[in-house]
Amino acid sequence: MARSAPRDDAGDRDLRVDQPATSAAGLPGVTHALRAGVTQMGVRRTALTLARVNQAGGFDCPGCAWPEPAAQRRSHAEFCENGAKAVAEEATLRRVTPEFLAEHPISELATRSDHWLGQQGRLTHPMVRRPGTDHYTPISWDDAFRLIADELQGLDTPDRAAFYTSGRTSNEAAFLYQLFARSLGTNNLPDCSNMCHESSGVALLSTIGIGKGSVTLDDLHRAKLIVVVGQNPGTNHPRMLSALERAKRDGATIVAVNPLPEAGLMRFRNPQRPGGLVGAGTPLADHFLQIRIGGDLALFQAIGALLVSADADAVDTDFADAVDTDFVDTYTSGYAEYRAARAGLDWAAVTAATGLDRAQIVEVARLFAASDATIVCWAMGLTQRQDSVDAIREIVNVQLLRGMIGKPGAGLCPVRGHSNVQGDRTMGIWHEPPAWLPALGRRLGVPVPTATGLDTVGAIRAMRDGEVRVFMALGGNFAAASPDTDVTVAALASCALTVHVSTKLNRSHTVPGATSLILPCLGRTERDRQSGGDQFVTVEDSMSAVHASRGRLAPASDQLLSEVAIVARLARATLPDSPVPWEAYQADYRAIRAIIADVVPGFADFERRVAEPDGFVLPHPPRDRRTFATASGKAAFTVSPLTVIDVPPGRLLLQTMRSHDQYNTTIYGLDDRYRGIRGGRRVVFVHPDDLTALGFTDGDQVDLVSEWSDRVERRASAFRVVSYPTARGCAAAYFPEANVLVPLDSTAAGSNTPTSKQIVIRLEPA
Ligand SMILES: Nc1nc2c(c(=O)[nH]1)N[C@H]1C(S)=C(S)[C@@H](COP(=O)(O)OP(=O)(O)OC[C@H]3O[C@@H](n4cnc5c(=O)[nH]c(N)nc54)[C@H](O)[C@@H]3O)O[C@H]1N2
Ligand SMILES: Nc1nc2c(c(=O)[nH]1)N[C@H]1C(S)=C(S)[C@@H](COP(=O)(O)OP(=O)(O)OC[C@H]3O[C@@H](n4cnc5c(=O)[nH]c(N)nc54)[C@H](O)[C@@H]3O)O[C@H]1N2
Ligand SMILES: [Mo]
């Protein structure tokens, strides 16, 4: 089925394409932030709300997982343009009421764009769609919980239910949610991580023994070399640019590895410093490797080969002492095999994979050899391809060669997406049973399941095949965020019951199961009052720092429940004989933190330590003590084959990415300012020479047709061609419009992450 523009996008009639921006943030950033705030919240609420973002006693920015500086060093305004937009979307004064849903049948909502759906405002009442009807109608909370409980109790096995989580959920809610699923008897806990940094987690767990990054913000500030691979921080982690700028001021060299010359990486104007508000900004990247999509594994293999001088023609003198033999001997395993495997590197294959010439790679390898404090950062440009796990392991190899783990200014830095996606995993949101689960079960007297559960792709397959009948989501927008949109939508619609705990209307609500519930919940910005008094929640950032988040705004409606309350009340309705003190947990979240402190490693004395202004940092054995909980007790070198993605003639390799005006499936607006796009999203960016070779020109209307081994034709219709300086042979379009092109079964080896950045397509005139 061809997916074309929804009716209210007006087929992107107003789409305009200008020159891309040459720098990011600065004054326009702040102005845009305030405008977004005022449009949704009004002047007073904007001022009040933004003043509390990321401040002690305030709430954690729901934007991204980048850490805040220590309280005493925090700039007055520790938020960015896109954080402000995320806050405005939540704190908006617009409302989706029962009256609204009476006026708009589901069949009509299904034709609306993601942008339009999100712009309608906050959900105010629990709503149900009954079988065979075309409307959501109000339902009481008690009836909603009863309905879900009946459905769950009627399943022949608890594995017929799947419980999805998106990464905004607090530690407390996440912990209760996994406890509920496991008390029920299933590990079917798919989450957004499965589509996001799962490849990083798998690669790091198998090499350094923990699936989290090994640096702190302070390390970033102290680094001498920072390599940013497959990440667009100007849009997705704007506060990271301040850290990069600061490191650079202290002499760090910055390398960007990306198929696109992203504005934020090229130049940056710091809105937090007076001098940053005007002028052309600081050039950030000293070196830009414009890599082909999928070339990263080859690039890091080549750098590794140069460092170990296994390459016969290596410029030996530069790399003579590049290997930190003390570190390698003491802390690692597998070096001999790694070094042997790097002999006779196939440079022709490296060039084909990367599109880079050898001199460029040698130059960057020299930077690695010369730096005694190197950090490699990465995000979705690395995690959403078939070879992602191996590609990340090649980064680990290079960092191990140079002894860059467990020393100041050095390390591995997967930059997380959702503001608490890392914390959710720490809290047990995982389709595998966490190591501490048996202890939790014993402590509370609940038997816990031991079999591996379903991840995101597994859950879609199971719904499609009729094996999962109840789908519940704690946040997120499963229908739009998942791959193979048509398959996912049909899978959801085939369920007996779908339940979405949400703040805003989204695509997933328009593709209901036979019965479907929308359960509206409090957001981060809102006051959370329970019978035990005002509550706060906790989150963990990308660098394993845990801190409190306290909302202050009056809730969007007096019907809203907190996520904790929703899970606790659902658990009581479903498991009346459960020995778990659900009611006490709901009344006072300190009780939840107390059990977390007892069972989750690193959380001892949780309540006291999280009361500190900066919270506390979780232990990270490789970072703290150079200890590695791997099979050998050492950090593992790994050997992977060199991959060159096969793109047949006349085809392009497509990546799907974020515009500057969206938060995943929440579309703030139709502009992508830094890339020169205004008033529309159905664009495909292609190199001018590829356009000429393919017989197209800028402005043409095309369909994108994805080609994959299952020979199913996946088509996204009516895209405007934009001539753009991406790497040759590559193309880019926005997520989620392009998700229809990502085959469900095309996933990363080892992590099962959909290959959202590796899709072979052809262009067809529309
Ligand atoms: N404002 C805002 N902030 C966000 C989000 C948002 O949507 N909006 N989303 C949040 C989430 S959940 C996440 S996970 C992060 C995502 O943060 P990013 O990973 O920065 O997000 P993407 O837009 O997917 O950008 C991927 C980048 O990788 C590059 N890339 C693509 N393919 C390759 C490749 O093969 N090799 C290399 N080296 N680079 C490649 C792309 O050109 C692009 O610059 O941001 C988080 N923060
Ligand atoms: N093609 C392609 N697909 C991708 C990606 C890509 O780069 N390309 N990126 C992937 C990545 S990195 C990720 S993380 C996933 C994201 O997948 P999800 O996390 O599932 O999607 P979001 O768009 O972040 O979810 C937005 C919805 O969350 C709800 N929400 C917001 N705040 C709250 C809250 O506080 N509580 C609750 N209960 N609900 C809330 C709102 O209703 C909103 O509509 O998408 C993945 N999909
Ligand atoms: Mo993500």
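Residues numbered from 1 in each chain as written. Chains lettered and ligands numbered in written order. Predicted model: local features only at pLDDT ≥ 70, side-chain atom pairs only at ≥ 80, totals over all residues. Heavy atoms only, no water.

Novice: Tell me about the nonpolar core, and name the residues and values.
Specialist: Phe163, Phe175, Phe180 and Leu517 are the most contacted members of the largest nonpolar core, which totals 67 residues. If one sorts the elements of this core by residue count, helix 8 (residues 171–184) sits on top with nine residues. Setting aside chain neighbours within four positions, we find leucine 517 in contact with Met127, Val128, Ile139, Ala144, Leu147, Ile148, Leu497, Thr498, Val499 and His500. Counting 50 residues, the second-largest nonpolar core is a separate cluster that includes Leu299, Leu382, Leu401 and Leu412. (Core = buried A, V, L, I, M, F, W, Y, C linked by side-chain atoms within 4.5 Å. Buried < 20%, exposed > 50% of the residue type's maximum accessible area, 1.4 Å probe, protein only. Helix = DSSP H or I, 4+ residues; strand = E, 2+ residues; numbered from the N terminus. Contact = heavy atoms within 4.5 Å.)

Novice: Got a sec to walk through the site of ligand 2? Specific residues and values, please.
Specialist: The full set close to ligand 2 counts 30 residues, and Tyr164, Ser166, Ala481, Glu563 and Thr665 are the nearest of them. Here serine 166 contributes a side-chain N or O atom positioned 2.7 Å from an oxygen atom of ligand 2. Isolated, ligand 2 exposes 930 Å² of accessible area, and the fraction of that covered by the protein chains is 96%. Classifying every residue of the shell around ligand 2 gives ten nonpolar, 15 polar and five charged. Each of two domains, domain 1 (2–22 + 648–765) and domain 3 (95–193 + 422–619), supplies a minimum of three residues to the shell around ligand 2. (Near = heavy atom within 4 Å. Polar contact = N/O pair within 3.5 Å; in protein donor to acceptor, adjacent residues only side chain to side chain. Areas by Shrake-Rupley, 256 points an atom, 1.4 Å probe, with all protein chains shown as cover. Nonpolar A, V, L, I, M, F, W, Y, C, P; charged D, E, K, R; others polar. Domains from an automatic or database assignment.)

Novice: I'd like a description of the pairing of strand 16 (residues 470–474), backed by residues and values.
Specialist: In terms of burial, strand 16 is largely enclosed, as five of its five residues are buried. Burial of the side chains of strand 16 extends over both faces: Val470, Met472 and Leu474 are buried on one face and Phe471 and Ala473 on the other. Both strand 7 (residues 161–165) and strand 16 contribute to a ladder of five bridges, which runs parallel. Of the residues in strand 16, the one forming a bridge with phenylalanine 163 is methionine 472. Pairing of strand 16 with strand 17 (residues 497–502), which is carried by five bridges, proceeds in the parallel orientation. Each residue of the ladder has a partner; that of valine 470, found in strand 17, is leucine 497. (Pairing = 2+ DSSP bridges.)

Novice: How would you explain helix 9 (residues 198–208) if you had to name every residue and give the values?
Specialist: In terms of burial, helix 9 is a largely internal element, eight of the eleven residues being buried. Listed in full, the buried residues belonging to helix 9 are Glu198, Ser199, Ser200, Gly201, Ala203, Leu204, Thr207 and Ile208.

Novice: So what's going on with the site of ligand 1? Which residues, and what values?
Specialist: With respect to spatial proximity, 32 residues lie near ligand 1, and among them Asn258, Glu262, Arg385, Gln662 and Asn664 are the closest. Interatomic distance of 2.8 Å between a backbone N/O atom of asparagine 236 and a nitrogen atom of ligand 1. Asparagine 664 has a polar backbone atom sitting 2.7 Å from an oxygen atom of ligand 1. When ligand 1 sits alone it has 920 Å² of accessible area, and the protein chains cover 99% of it. Looking at the shell around ligand 1, the elements that each hand over two or more residues are helix 11 (233–236), helix 20 (380–383), strand 25 (652–657) and strand 26 (662–663). Taken together, the residues of the shell around ligand 1 sort by class into twelve nonpolar, 15 polar and five charged. A domain split of the shell around ligand 1 shows at least three residues from each of domain 1 (2–22 + 648–765) and domain 4 (198–414).

Novice: Please provide a residue-by-residue account of the side chain of serine 502, values included.
Specialist: Considering the arrangement of structural elements, one finds serine 502 in strand 17. In terms of polar contacts, serine 502 uses its side chain to reach the side chain of histidine 509, at 2.9 Å. Beyond its immediate stretch of four places on either side in the chain, serine 502 contacts Leu123, His509, Leu519, Pro520 and Cys521.

Novice: Which residues make up the domain arrangement of the protein chain, and what are the values?
Specialist: Segmenting the protein chain into domains produces domain 1 (2–22 + 648–765), domain 2 (24–89), domain 3 (95–193 + 422–619) and domain 4 (198–414). Between the C-alpha centres of domain 1 and domain 4 there is a distance of 27 Å. Between domain 1 and domain 4, the residue contacts involve 31 residues of the former and 26 residues of the latter. On inspection of domain 1 and its partner domain 4, the count reaches one salt bridge. Here arginine 675 makes a salt bridge to glutamate 262, at a shortest N to O gap of 2.9 Å. (Salt bridge = Lys/Arg side-chain N within 4 Å of Asp/Glu carboxyl O.)

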